[in-house]
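Structure at a glance
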Amino acid sequence: MLPIFIIEKALSIALENGANFAELFIEDTFKNTMTMTNDKMEAVISGRSYGYGMRVFSGTKSVYAYSGDFTQRAIYSIAKEVALALNSINDRNTNIVVLNNLQSDNNHFVLQYPSVVEASKKAKVVQDAYKAIKKYDARIVQANVTYLDEDRSITIANSEGVFAEDRAVRTRLTMNAIAGDGMQNQTGGESPGRRMGFEMFEKVDVATLAQSAAKTAITMLSASECPSGVMPVIIGNGFGGVIFHEACGHALEATSVAKGNSVFAGKLGQKIANEKVTAIDDGTLINEWGSNTIDDEGTATRKNILIENGVLKNYLVDRLGARRMGIEPNGCSRRQSYKYAPTSRMSNTFIAPGQDENEKIIASVQNGLYAKKMGGGSVNPVTGEFNFAVQEGYIIKNGQIDRPVRGATLIGKGSEVLPNIDMVGKDLALAEGMCGSVSGSVPTCVGQPMIRVSQMTVGGREAK
Amino acid sequence: MKYKTFKDKVFAYSAKKGVQAELFYMAGDSFKASVYEGEIDSYNLSNTMGVGIRVFSKAGVGNAYSEVLDERSVTKLVDSALDNALITGDQDNERPYYNKSDVYKTTKTYDDSVKSVSIKKKIDMAKELEKAVLTNKDIVRVQNCAIQTGVYNTHLSNTLGLDLDDQKSSAIMYVSPIAKKGDWINNGFAYDAGIGMDSLDIERIKQKGITEALKYYGAKQINSGAYNVVFDKETMATMLTCFFSIFSADSAQKGISLLKGREGEIISSQLLTIIDDPYIAGAFGSENFDGEGVPTYKKKIIEKGTLKTLLHNTKTASKAKISSTGNAGRSGIVPYIGITAHNCYIEKGTLALDDLLQDVGDGVYITDLMGMHAGANAASGDFSLLARGFVIAKGKLTSPIEQITVSGNFYSMIKSIKNMSDEVKFFLPADNGVFGAPDVHVGILNIAGK
C-alpha cells in the first residue's frame, strides 16, 4: 500500500494539470489455480498481480493510465501525463486533495483465507470432484476440474476525498464432463463459486454437482437433434437467468444507455416487459459470487430494481455514465483488474419470483422446448439481438416433458422477448458465471425462477 | 530491479534448490484513444511487465507468475512454483527445451512507426475517421472509434541454456458506425490492423464501416429449413478459430478431439487444405520460436482432405514419440503451455466469389456470426449460431437476412465442402492464434428462422 500523502499528492497533481476529477485505483491480487484432467493434476499455478490505474475526467472526457511502477516519480509523472492528455488546461484547479471520506466495511465474511489453506486440501477437492465425474458412467471419456481462489485487495482514492478499501476473496470450482461413444462427444458442466474462502466447500455439495455435470453429458449423448423454428420455450431456474442478463441487462448499462446506443435508452417509467417481470441487480447479497462491498470506484454497492412489474425503473450507472446522463452513480462500476478503466456492469442480476407453479408452466405448453440448463450467451446492445446456448434441453409435447434434445440455441431481440415472458415461477435460484465486456471479465451471478416465453426462435439441426 | 539481474538471481536460486527452471518475461507499452463527436472520449496508456516461471523438480512441474520483480519475489516465485510442483506430481518427465544446434529464422514482427508517430497524429487520425463516417447521411453517430498501438517485448530463457527474445508491435484502428433509418438501427464494425502505422487506411475503414452498418437494412427472417450455405471469409475464419482445437494433439490425447490417431486418414473434402505458417511478413501470428523456444516452421495440417499432422508442444510430442511441431502457446505471463496456431488458414480455391455464388444457385451467404463462445462446442463439433447474411438467388446475392441460426457439426461440415473462392483474408488475433479463410461453400446446413 502507498502512504496516503503520496496518493493525495498524485491526485492534487492531476487537478493542477487540468483534471476536474481524479481517481487512483490500486490492486494487489493473489490467485491460485489447479486443473485436473486426463487423470492428472495438469497445472498448478500461483500468481500475483500488482499495479495501479489513474483516471481523470474533464467534463465527459476521460483519460486512464495503468502501470506497475510504484516509485513516487512514476506515479506523479503519470498523474501529470493523464491530466495533460485531457487537453483542458483552462480548468486549472489548485485544490489540494484531502482524503477524509474513509470507507472500509466488509460485509462478506471469510472464514478460511486461501493463503492459510494447505494446497493438498485444495487438491483433494479437485481430485474428489474429478473422480465423481469419471465414475458416474463408463461413457464419461474425459473430465476437467479447475479450482480457483482469488484474494483481491483494492484501494480507491479520489479527488472528492473518498478513500475506500476492500478485500474480496473468491473461490470457485469449474467442473466439465465429456461423454463419448467413439463417434461423437457431448458435454456437461457445473461451476459453483462464492465470494468466500475455502469454507465454500462446506456449503456447496460438490459431489452432487459433479454428478449433475456428468449426467447432462450422458443425457445429451443419446439425445436427438433439437428441432428449429418459432415455439414456446420454458427456461429453467438458476443459470436460465442468462436470458435476462443478455436480453436486457447489458442494454441497461450506462455504457450503452448514456450515448443513446441502447434500445432501452430514454424509456424510464415505460412498460418494456410483461407485468409479471420484476428484475433486480443486487451487489450486496452476502457472500454471493457477484457481490462487492464497494464497487471499483469506491461507491457502496446497492440493490437496484431495474424493472418492476414490467416497468423500467433504473439503469446501471457508473461515474462517467452519470456525468453523461446527469444522474447519480449507483454502485455498479466494475473492472477485471487495474488494467481496465471501470464502467457500469452487472453484479447479481435476477428475475424475482412470481406466482406460477412449475407443473402448470410445463402443462401449459402443447409443443415447445424446455431449456433445463443453459450455456453462455451474448448480445449486441445496439440492435438488442441476443443468443444463448441450451446445454440440456427437452421437447415438451401435450404439456409433458417428452425427450431430450441437443444443440439448441435461442435467439431474439431483447425488446421483443421481454413482453413475451408470460409465466414466472417461484423457485428463484442464482448461478455463477463470468461476464465479459469493455472493462474485462468480472464475476457475476445470473438467476431466475422457471419462466415461460410464449414464443422464441429456436435454432437446432432438425428441420421442424 | 532490471530483468537481467532478476533472471540471474532466479536461476542461481533454482540451482541452489537443485531444479531446472524456465523463465518467461513480458513487458508491454500501449496506447489507445477513442473519439466521440470530434473530441477525445477516452485515452489509455499502459506500461506493464511480469514474469512466469516453470520449475522442473523430481516431484513434478510447478508454475508461478508475478508482476513484482523485487528481491523478495526471487525466492517467493521459485518457492511457490516448487510448492505447486509437489501437487502436480509426475508430469511425464517434462524438461525445459533446449537444442544447441537449433537455427532460428527471422521474420518481421516489429515496425518502429507505432512509436515514432506522435500521439497527436494518432488522435487526429481517429478524429478524421469519425468525421469521415459521419459524412454519410444514414450514420447518426459512432458507437466506438478508436486507435490502438502497442509494443511488446518478450524474453524466454531456461537453465539449460535457452536464451531468446522477441519484439512485436501492433497498430489497430477501428470504427463501429451506428446507422439509423426510421426505427431501424444497426451498428457496423470495420478495422485495419498490422504491425506498423502504414497498415491503417482511413478511407478503407470508412468505406467498410459504412457498408457494414447499412448492409442489413430491411433484413428479414427466412423460413426454417435446409439450405446451401456459403460462409464468407470472416465467418469461415471464425469457424476455424472456434474449432481449431480439434487439431490440437493435447485435445486429441485427452479424447476431446475426435481426431486422435487419425493422421494419414481422409477426414474432409479433398478440396480442403489447412496451413499453419509462422513466416508471413507483418502478420500478427508470425514468430520464429514458440512458447517453449522450439523453432517454428510452416506446415500443412490437412492436405487435400488428408490429416497430415496434429499440432504439438514438447509434452504432447513426447507422448506421441515425435518432435514438437513448434505450436506451444502461452497466454501472457501465466505459465500454462497450451497449443496455438501461428497464421492458420484455409488454402484458397480457384473460383472468383461471383462464380462460386453462380455455382451455388440458391442458398444463403453467411456474413455475420454471434455467440461463438456459447453456440459452438469444440468437444462435440456441434454448432448452432446466431447469424446474418444474404439470400443467394439464381447465383446472385439479393436481400439481407437476420434473426436466423445456422446449425451443423464441424466434423461433418468439412466433409461436404463444395467450393472455395480464390482469395484468403486474415482477421484479428484470437486467443489461440491468427486465422484466415476464403469464402467457402460448405454444402447443406440447417437454418432456423420463421
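1. A few points about the overall build of chain B
Looking only at helices and strands, chain B has eleven helices and 21 strands in total. At 24 Å, chain B has a C-alpha radius of gyration in line with the 22 Å of a compact globule built from 450 residues. With the principal axes as the frame, chain B shows a C-alpha extent of 75 × 55 × 35 Å. Buried positions account for 62% of the 450 residues belonging to chain B. Excluding contacts between residues fewer than 6 apart, the proportion of contacts in chain B whose partners are at least 24 apart in sequence is 72%. In the form shown here, chain B has an accessible surface area of approximately 17,600 Å², with 50% of it arising from carbon and sulfur atoms. Between the averaged position of the 52 positive side-chain charges in chain B and that of its 53 negative side-chain charges there is a distance of 2 Å.

2. With respect to the sheet that holds strand β19 (residues 425-426) of chain B
Hydrogen bonds between backbone atoms are what pair the strands of a sheet, whose relative direction is either parallel or antiparallel. Residue and element names in this part refer to chain B. As summarised here, the arrangement of the six strands in space is β11-β10-β9-β14-β20-β19, forming an open sheet in which the pairing is mixed. Edge strands, defined here as strands with exactly one partner in the open sheet, are β11 (306-307) and β19. Relative to strand β10 (residues 299-303), strand β9 (residues 274-276) runs antiparallel, the two sharing three bridges. Residue isoleucine 274 lies in a different strand from β10, and its bridge partner there is isoleucine 302. Each of β9, β14 (343-346), β19 and β20 (434-437) touches helix α6 (residues 233-243); the most contacted strand, β20, lies at about 135° to it.

3. Concerning the sheet that holds strand β13 (residues 311-312) of chain A
Residue and element names in this part refer to chain A. In spatial order, the strands read β13-β12-β11-β16-β23-β22; together these six strands make up an open sheet with mixed pairing. In the strand order of this sheet, the two ends are held by β13 and β22 (429-437), each with one partner. Of the pairings in the sheet, the one linking strand β16 (residues 348-351) to strand β23 (residues 440-448) comprises three bridges and is parallel in character. Bridge pairing in β23 places threonine 349 opposite valine 446. Sitting on the sheet, helix α6 (residues 242-249) is in contact with β11 (279-282), β12 (303-308), β16, β22 and β23, with an inclination near 115° to β23.

4. Description of the confidence of the model for chain B
Taken as a whole, chain B shows an average pLDDT of 95; of its residues, 99% reach a score of 70 or greater. Both scores are available for the predicted complex, with the pTM at 0.92 and the ipTM at 0.88.

5. Observations concerning the domain arrangement of chain B
Residues and elements named next belong to chain B. Domain boundaries in chain B define domain 1 (3-214) and domain 2 (225-448). Its C-alpha centre places domain 1 at a distance of 24 Å from the equivalent point of domain 2. Taken as a group, Tyr97, Thr107 and Tyr191 account for 18% of the area that domain 1 buries against domain 2, more than any other trio of residues on that side. Along the contact surface separating domain 1 from domain 2 lie four salt bridges. At the junction of domain 1 and domain 2, the tally comes to eight residue pairs in polar contact (both at pLDDT 80 or more). Of all the elements in the fold, those that place two or more residues in the side of domain 1 that touches domain 2 are β1 (20-36), β2 (39-56), β3 (61-66), β5 (163-181), β6 (184-187) and β7 (190-194). If one sorts the elements of the side of domain 1 that touches domain 2 by residue count, β5 sits on top with eight residues. Looking at side-chain class alone, the side of domain 1 that touches domain 2 contains 17 nonpolar, 13 polar and twelve charged residues.

6. Notes on helix α2 (residues 72-85) of chain A
All names here are of chain A. Over its 14 residues, α2 extends 20 Å from the first C-alpha to the last, a length consistent with the 20 Å expected when each residue adds 1.5 Å. Among the residues making up α2, those that are buried are Ala74, Ile75, Tyr76, Ile78, Ala79, Val82, Ala83 and Ala85. Positioned one or two residues after α2, asparagine 87 has a phi angle of 60°, which is positive.

7. Re the interface of chain B and chain A
Listed per partner, the contact involves 70 residues of chain B and 72 residues of chain A. Broken down residue by residue, the surface that chain B buries against chain A is led by Glu67(B), Ile87(B) and Lys254(B), which jointly contribute 12%. Summed over the shared surface of chain B and chain A, the result is eight salt bridges. Here Arg388(B) makes a salt bridge to Glu385(A), at a shortest N to O gap of 3.8 Å. Counting across the interface, chain B meets chain A through 42 residue pairs in polar contact (both at pLDDT 80 or more). Classifying every residue of the side of chain B that touches chain A by side-chain character gives 24 nonpolar, 32 polar and 14 charged. Note that strand β3 (residues 61-67) of chain A and β2(B) share six bridges and pair parallel. The residue of β2(B) that forms the bridge with Tyr66(A) is Ser46(B).

Criteria and cut-off values
- Residues numbered from 1 in each chain as written.
- Chains lettered and ligands numbered in written order.
- Predicted model: local features only at pLDDT ≥ 70, side-chain atom pairs only at ≥ 80, totals over all residues.
- Heavy atoms only, no water.
- Helix = DSSP H or I, 4+ residues; strand = E, 2+ residues; numbered from the N terminus.
- Rg over C-alpha atoms; globule rule 2.2 N^0.38 Å.
- Buried < 20%, exposed > 50% of the residue type's maximum accessible area, 1.4 Å probe, protein only.
- Contact = heavy atoms within 4.5 Å.
- Areas by Shrake-Rupley, 256 points an atom, 1.4 Å probe, with all protein chains shown as cover.
- Lys, Arg positive; Asp, Glu negative; His and termini not counted.
- Charge placed at Lys NZ, Arg CZ, Asp CG, Glu CD.
- Pairing = 2+ DSSP bridges.
- Axes fitted to C-alpha atoms, helices over the stretch in contact; angles between N-to-C directions.
- pLDDT = per-residue confidence, 0-100.
- Domains from an automatic or database assignment.
- Buried area = accessible area lost by both parts, 1.4 Å probe.
- Salt bridge = Lys/Arg side-chain N within 4 Å of Asp/Glu carboxyl O.
- Polar contact = N/O pair within 3.5 Å; in protein donor to acceptor, adjacent residues only side chain to side chain.
- Nonpolar A, V, L, I, M, F, W, Y, C, P; charged D, E, K, R; others polar.
- Expected span 1.5 Å × (residues − 1).

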